[in-house]
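What the coordinates show
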Amino acid sequence: MAKKPARTETRLSRLAISQAAKGELRRGALARLCGCHIETIRFYEKEGILQDPRRTASGQRIYGQADVKRLLFVRRCRELGFTLDQVRNLLALVDGQAFTCAQVRDHALAHRQEVSRKIADLKKIEQVLGDLAAQCERAQDAAAPDCPIIETLFADQAGLTPAPDSKRRAGA
């Protein structure tokens with residue numbers, strides 16, 4: 001059963017949505033409404049992902065519905081693993097208002113290929129770790145310096161392995 005939000009939380013959300021509709025949302029309220037940190041918003045502004053907000057006469061930044069929508073779009077892209085450059089490219093299409101669904105699909109399919117490659121890499125890592133753990137099970141009673149996992153992790157990436165009688169010392 002889903003937990004009901006606290007009354008004050010619901011009231012704050014309604015207030016934030018109302019403020020966003022009026023273009024009067026402060027940075028902290030934007031962060032709470034979108035589920036991110038103020039520093040995230042600052043970073044996206046610095047990187048040009050979010051546009052510089054309007055300011056009040058006293059210099060406070062204020063945001064509107066378009067800012068909420070854009071920040072939620074960026075957050076969802078990031079949740080799906082899009083890089084900042086990929087998000088910028090998607091936003092460039094959106095900002096230009098001259099994009100086709102095929103262009104967006106091409107971006108999504110290119111990202112899907114990257115995700116598939118990463119999954120394949122993770123499966124290889126999983127296999128290697130399983131193999132290492134199996135070696136350790138066979139050498140369960142071996143002394144710590146003879147642990148197959150430790151030996152493999154210390155092995156030189158160039159294919160050189162430490163001499164069997166070498167003992168490692170801290171800092172050596």
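Description of the structure in this document. Only a predicted model underlies this, so the values are computations on that prediction, with no experimental measurement involved.

1. Quick notes on the nonpolar core
- Formed by 21 residues in total, the largest nonpolar core has its most connected members in L30, I41, Y44, I49, L71 and V87.
- Residue contributions to this core peak at five residues, all from helix α5 (residues 84-96).
- Each residue touching I49, except ones within four places of it in the same chain, is listed here: Y44, R70, V74, L84, V87, R88 and L91.

2. Focus on helix α3 (residues 38-46)
- Residues of α3 that are buried: I41, Y44 and E45. The buried residues of α3 occupy one face: seen down the axis, they fall within an arc of 100 degrees. Among the exposed residues of α3, those oriented more than 90 degrees off its buried face are E39 and K46.
- Tucked inside the fold, the buried residues of α3 contact α2 (27-34), β2 (61-62), α4 (65-79) and α5.

3. So, the side chain of Q86
- Within the fold, Q86 resides in helix α5.
- With relative accessibility at 15%, the residue Q86 sits in the buried group.
- Setting aside residues no more than four positions away along its own chain, Q86 makes contact with G81, H111 and E114.

4. Quick notes on the pattern of salt bridges
- Considering all chains together, one arrives at eight salt bridges under this definition.
- Between R27 and E45 there is a salt bridge; the shortest N-O distance is 2.6 Å. You can see R27 sitting in helix α2 and its partner E45 sitting in helix α3, a full 18 residues away along the chain. As far as the burial class goes, R27 and E45 line up, both buried.
- Between R70 and D95 there is a salt bridge; the shortest N-O distance is 2.8 Å. Of this pair, R70 sits in helix α4 while D95 sits in helix α5, and the two are 25 residues apart along the sequence.

5. Structural notes on the packing of α4 against α5
- One can describe the packing of α4 onto α5 by two numbers: an axis separation of 10 Å at closest approach and a directional angle of 140 degrees. It follows that α4 is oblique to α5 by the angle criterion. When the axes of α4 and α5 are compared, the crossing they make is right-handed. Side by side, α4 and α5 meet where R70, F73, V74, C77 and R78 of the first sit next to L84, V87, L90, L91 and D95 of the second.
- Here the contact of α4 with α5 is built from residues that sort into seven nonpolar, no polar and three charged.

Parameters and conventions
- Residues numbered from 1 in each chain as written.
- Predicted model: local features only at pLDDT ≥ 70, side-chain atom pairs only at ≥ 80, totals over all residues.
- Heavy atoms only, no water.
- Core = buried A, V, L, I, M, F, W, Y, C linked by side-chain atoms within 4.5 Å.
- Buried < 20%, exposed > 50% of the residue type's maximum accessible area, 1.4 Å probe, protein only.
- Helix = DSSP H or I, 4+ residues; strand = E, 2+ residues; numbered from the N terminus.
- Contact = heavy atoms within 4.5 Å.
- Arc of directions from axis to C-beta.
- Salt bridge = Lys/Arg side-chain N within 4 Å of Asp/Glu carboxyl O.
- Axes fitted to C-alpha atoms, helices over the stretch in contact; angles between N-to-C directions.
- Parallel < 35°, antiparallel > 145°, perpendicular 65-115°, else oblique.
- Left-handed = near helix turned anticlockwise from the far one by under 90°.
- Nonpolar A, V, L, I, M, F, W, Y, C, P; charged D, E, K, R; others polar.

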